[in-house]
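If you want the building blocks of each chain, they are given just below.
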Amino acid sequence: MSRPDAFSLAGRRIAVTGANTGIGQGIAVAVARAGASVIGIGRSSMDETAQLVDSAGGSFTTAIVDLADIPAGVACIEALMQDGPLDGLVNNAGIIRRADAVDLSQADWDDVIDINLKSVFRLSQAYGRTLLSLGQAGRIVNIASLLSFQGGIRVASYTASKHGVLGLTRLLANEWASRGINVNAIAPGYIETNNTEALRQDAARSKSILERIPAARWGRPDDIGDAVVFLLAPASSYVHGAVLPVDGGWLAR
């Protein structure tokens with residue numbers, strides 16, 4: 001028998017990293033629309049997201065932290081959990097650097113791995129450690145990528161990081177599922193965000209991408225946000241270690 005609240009996040013408190021724009025903003029608004037109080041974690045202003053959440057009738061607070069500073073990010077999660085139950089953590093923050101593999105600098109490798117993979121593990125570790133010590137349930141949703149499955153071109157550090165996110169999602173699910181912590185991931189397809197602006201401005205590249213997408217359009221941040229709501233909600237209580245592509249059919253092509 002279905003539950004009337006299966007897709008509701010009413011009364012829940014959810015942290016979303018990188019909620020200032022793009023996919024993170026779409027996630028924050030969708031989660032708030034589902035009834036949760038949202039904490040946006042990131043290094044830049046989230047005023048626009050706050051306004052959108054407010055317009056949707058939701059609650060939004062911010063924690064200004066540069067996630068490249070891993071200890072500061074961990075301290076942020078620990079502080080949030082001291083303030084009250086944190087029902088979910090969405091590891092969305094990410095960056096990308098584009099260069100031919102032979103030209104990719106050490107700095108561009110390290111910067112991407114630190115934000116996209118190392119911070120995901122360390123924040124998840126801090127969150128899970130506290131949940132386990134208190135015997136509480138929780139949800140983690142990681143933002144993976146189509147490049148968790150494919151190689152791509154000119155994005156070596158990004159591809160490596162997103163392959164890592166996929167493996168990390170499965171590992172944490174294996175360790176924590178029996179303890180009431182659901183760890184899953186979303187693999188966005190080609191979404192209209194700052195990270196894909198260069199691709200969308202390249203007419204030939206954009207055309208080739210659209211020709212492969214069965215849905216025949218670029219995705220929107222809301223498409224990802226609604227999928228994240230599912231993975232945070234009671235409806236997905238028996239979903240562990242899953243990676244849900246939200247890609248307009250790209251991987252099915």
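Residues numbered from 1 in each chain as written. Predicted model: local features only at pLDDT ≥ 70, side-chain atom pairs only at ≥ 80, totals over all residues. Heavy atoms only, no water.

A. Fine view of the layout of surface pockets. A volume near 1,200 Å³ is recorded for the largest pocket. When contributions to the lining of the largest pocket are tallied by element, the ones reaching two or more residues are α1 (22-33), β2 (37-42), α4 (106-134), α5 (156-176) and α6 (197-201). If one sorts the elements of the lining of the largest pocket by residue count, α4 sits on top with four residues. Residues that form the lining of the largest pocket fall into these classes: 22 nonpolar, 18 polar and ten charged. (1 Å grid on protein atoms, 1.4 Å probe; cavity = no way out; pocket = protein on both sides within 12 Å on 5 of 7 lines; lining within 4 Å. Points joined across faces, edges and corners; volume = space filled by probe spheres on them. Helix = DSSP H or I, 4+ residues; strand = E, 2+ residues; numbered from the N terminus. Nonpolar A, V, L, I, M, F, W, Y, C, P; charged D, E, K, R; others polar.)

B. A look at the sheet that holds strand β7 (residues 243-246). Strand order in the open sheet made by the seven strands is β3-β2-β1-β4-β5-β6-β7, with parallel pairing throughout. Taken across any chain shown, the strands that pair with only one partner, and hence form the sheet edges, are β3 (59-64) and β7. Recorded for the sheet is a direction-independent mean angle of 20 degrees between the axes of neighbouring strands. Both strand β1 (residues 13-17) and β2 contribute to a ladder of five bridges, which runs parallel. By the bridge assignment, T17 is partnered in β2 with I41. Lying over the sheet, α5 contacts β5 (138-143), β6 (181-188) and β7, oriented at roughly 160 degrees with respect to β6. (Pairing = 2+ DSSP bridges. Axes fitted to C-alpha atoms, helices over the stretch in contact; angles between N-to-C directions. Contact = heavy atoms within 4.5 Å.)

C. Structural detail: the pattern of salt bridges. Evaluated as defined, the whole model comprises five salt bridges. With a closest N to O distance of 3.9 Å, D226 and R33 form a salt bridge. Highlighted residues: D226 in helix α8 (residues 221-232) and R33 in helix α1, separated in sequence by 193 residues. Judged by relative accessible area, which is 46%, R33 ranks as partly exposed. In this structure, the salt-bridge partner of R97 is D108, at a minimum N-O distance of 3.4 Å. Highlighted residues: R97 in the loop between β4 (88-91) and α4 and D108 in helix α4, separated in sequence by eleven residues. For R97, a relative accessible area of 29% corresponds to the partly exposed category. (Salt bridge = Lys/Arg side-chain N within 4 Å of Asp/Glu carboxyl O. Buried < 20%, exposed > 50% of the residue type's maximum accessible area, 1.4 Å probe, protein only.)

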